[in-house]
Structure formats: C-alpha cells, structure tokens
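Analysis of the macromolecular model
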Amino acid sequence: MGHVCMRSGSVGVRRSRRTLLLLPLATCMAVLALACWPGSTSFVPETAANQEHPRRRLLASAVAALPALAAPLRAQAAASPWAGKYSDPQHPGCKRNILVEGRYLTVEGADALQGAECKKTADFNDLKSMLDPAPVKEFTVKGTIKFKKENQATIDFSAKGGPKDLLAVLEEDGGIKFPDGNKWTKIR
C-alpha cells in the first residue's frame, strides 16, 4: 500500500511508480470483466443489444471515467526540479543522478578510487569505454525534500562516509548547493 503523507493541511497517498503504472491496466481489466460477465449484452446479437441494461450503463460510465483516472497519473509523472543528472566539481566526470519519488530522493553516483576525477568510466552506450574503465566505487544514498521548503532537502551521505543529514539547496539555475560551498551543476 501507499504511505500516508500530510502536506499543507491535506492528506495525500504516495504510491510507487509500479502502482501508478498498473492502475490504468487494472481499471481496463475491470471494465473488460464487466463487459464479458455472463448475462452481459456486449457480445449478443444486435436486436438484444439494443435493449437498455444496467450493466451497459455501468460499462459506459466506467469508460467515460478513464480520462479522469489518468489525470492524477499525468500530474504525478511531472518531473521534479530535483530529478536529473548533475556534474560535481569535486569529482569531475563522476556520475551524479537524482531520482525522485514523491518527497524522497535517491542519489546514484560514483567516486574514483584513485584521485578525485573519474577519467574514463564504463558506459553501456559506448562499448569501447567498457574495455578499460577507470576504477570507481558506485554508491546510492537517500534523501528527503522538506515539506515547507521544497527547494531544500536533507541527504544521508553516511553510507559513503559523509554526514547523515546534509542540507542540499536547489538553486534557481537548477544547481544544488551544499554547506561546504560545493555546487552540483545540472546537466539535464
């Protein structure tokens, strides 16, 4: 099930991406089940189908409601300003990706094992880069966007030896600024 979240005096339910994708499929399956139910007039000769049946009205109402069910999915699918790929000047060339689900951030990254720069990392889009990639250590850390200040988040870098609740501020240009002065620039 989803998690209940309180924000701005309203109650919302955070659903996983898989749940959001399966909701329209489940709705369509329910509509088809109603259409194929024994006694349904969906697959009978034209003369019998012309008679008004309560199940037919229910089916028509369900089909008419499908666009309304899809509207919340489109709204939740709108990209968060936090989501994207970033460049970290303290670790040039190293991966910094932020994924967002509701108010929760997942930062996927890599740090070079020798020096600060990830000179040549393996990229599945460029097979030659996989022949001799630079040694890197991949990491995944989690964070939470603040409720009243959506341009601020706390990120737990303790999994890679950093602070537990590091403040990250999303700036107007899309970059992320940290208290030590480091700023990740948004690539896309």
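Small disclaimer: the values here were computed from a predicted structure and weren't measured.

A few words now on the sheet that holds strand β5 (residues 104-112). The antiparallel closed barrel is built from 8 strands, whose spatial order is β3-β4-β5-β6-β7-β8-β9-β10. Bridge analysis of strand β3 (residues 84-87) against strand β4 (residues 96-101) gives 2 bridges, and the strand direction is antiparallel. Pairing of Gly84 across the sheet is with Ile98, part of β4.

Once that is clear, we can look at the pairing of β3. Across 2 bridges, β3 lies against strand β10 (residues 183-186) in antiparallel orientation. For Ser87, the partnering residue across the bridge sits in β10 and is Thr185.

Another point: the nonpolar core. Nonpolar side chains tend to gather and get buried jointly when the protein is soluble and globular. Core analysis: the biggest nonpolar cluster contains 18 residues, and Trp82, Ile98, Leu105, Ile155, Ile176, Phe178 and Trp184 have the highest contact counts within it. Those elements giving two or more residues to this core turn out to be β4, β5, β6 (136-145), β7 (152-156) and β8 (166-170). Filtering out sequence-adjacent residues up to four positions away, Phe178 remains in contact with Ile155, Phe157, Leu166, Leu167, Ala168 and Trp184.

Overall, the coordinates contain 8 salt bridges when judged by the stated rule. A salt bridge links Glu150 to Arg103, with the shortest nitrogen-to-oxygen separation between them at 3.3 Å. One end of the pair, Glu150, is in the loop between β6 and β7; the other, Arg103, is in the loop between β4 and β5, with 47 residues separating them in the sequence. On the basis of relative accessible area, Arg103 is assigned to the buried category, the value being 13%. Across the salt bridge formed by Asp111 and Lys160, the nearest N and O atoms sit 2.4 Å from each other. Of this pair, Asp111 sits in strand β5 while Lys160 sits in the loop between β7 and β8, and the two are 49 residues apart along the sequence. What makes Asp111 buried here is its relative accessible area of 14%. Judged by relative accessible area, Lys160 falls into the partly exposed class, the value being 33%. Each of the salt bridges in this network shares a partner with another, and the network as a whole consists of Asp88, Arg96, Asp111 and Lys160.

On average, residues of the chain score 74 in pLDDT, and 55% of them reach the 70 mark or higher. Segment residues 1-13: pLDDT under 50, and 15 contacts once partners within four positions in sequence are set aside and those in other chains are kept. Low confidence marks residues 73-77, where pLDDT is under 50. Its contacts with residues over four positions away, or in another chain, come to 5 contacts.

What counts and what doesn't
Residues numbered from 1 in each chain as written. Predicted model: local features only at pLDDT ≥ 70, side-chain atom pairs only at ≥ 80, totals over all residues. Heavy atoms only, no water. Pairing = 2+ DSSP bridges. Helix = DSSP H or I, 4+ residues; strand = E, 2+ residues; numbered from the N terminus. Core = buried A, V, L, I, M, F, W, Y, C linked by side-chain atoms within 4.5 Å. Buried < 20%, exposed > 50% of the residue type's maximum accessible area, 1.4 Å probe, protein only. Contact = heavy atoms within 4.5 Å. Salt bridge = Lys/Arg side-chain N within 4 Å of Asp/Glu carboxyl O. pLDDT = per-residue confidence, 0-100.

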